[in-house]
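# Remarks on the overall topology
The chain contents come next:
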Amino acid sequence: VLLAILFGVLAAAGWVVGQHAFNHLVEQAGVAGKGFLFKIPTGTDPRQHITAASWWSQAVLRISVATITVPIVEELFWRGFMLRAFVNWNHWRRVPLGTFTWFSFLGTSLISVAQHPSNWAVSIFCWMLFNGLFYWKRSLLFLMLVHGITNLVLYVYVIIYGDWMFW
């Protein structure tokens, strides 16, 4: 559990710092907004035009889903299925959890872009971290905890600092 907390906090911090660094590089290069790869995510304060009670009920629901449901579903799919399917598509059930190949490691990391198109650069590295942790621990439960803690820390950061591009 302590390792899951440590890596969850590190992944969330890496997501925030990495996205801000990528946004800065894109702006400095003068390519911001030029095509899919260089779209900088923006966000507006979702608390506008609704009551505090309504916003907090929506926030609690969003955070609950992001910290409980999303980690379970995504880890079962990405680490439990896709990593093994990329090793042997026709017989993925026979592939032991945590079997490493470069194709599965890099392939699932690159495909994660489809899930996080506005944060594609940091998504790839976060997926590589999650894949690496899974190869090390060979535990879906451990990755579910890391993923849930990552999402929780990210949402707490957003609420405290108002960095709505991550909402």
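What comes next concerns the included structure. No experiment lies behind these values; they were computed from the predicted model shown. (Residues numbered from 1 in each chain as written. Predicted model: local features only at pLDDT ≥ 70, side-chain atom pairs only at ≥ 80, totals over all residues. Heavy atoms only, no water.)

The next subject is the overall build of the chain. Looking only at helices and strands, the chain features five helices and zero strands. Ordering the α and β elements of the chain from the N terminus gives α-α-α-α-α. Against the compact-globule benchmark of 15 Å for 167 residues, the chain has a radius of gyration of 17 Å, which places it among compact chains. In the chain, once contacts between residues fewer than 6 apart in sequence are set aside, the share between residues at least 24 apart is 63%. (Helix = DSSP H or I, 4+ residues; strand = E, 2+ residues; numbered from the N terminus. Rg over C-alpha atoms; globule rule 2.2 N^0.38 Å. Contact = heavy atoms within 4.5 Å.)

Geometrically, a packed helix pair is captured by the angle between its two axes and the distance between the axes. Where helix H1 (residues 2-29) contacts helix H4 (residues 120-137), the two axes come as close as 8 Å, and the packing angle between them is 160°. Considering the angle they form, H1 stands roughly antiparallel to H4. Regarding H1 and H4, the two cross each other, and that crossing is right-handed. Only Trp120, Ala121, Val122, Ser123, Cys126, Leu129, Phe130, Leu133, Trp136 and Lys137 of H4 make contact with H1, whose side of the interface consists of Leu3, Phe7, Ala11, Gly14, Trp15, Gly18, Gln19 and Phe22. (Axes fitted to C-alpha atoms, helices over the stretch in contact; angles between N-to-C directions. Parallel < 35°, antiparallel > 145°, perpendicular 65-115°, else oblique. Left-handed = near helix turned anticlockwise from the far one by under 90°.)

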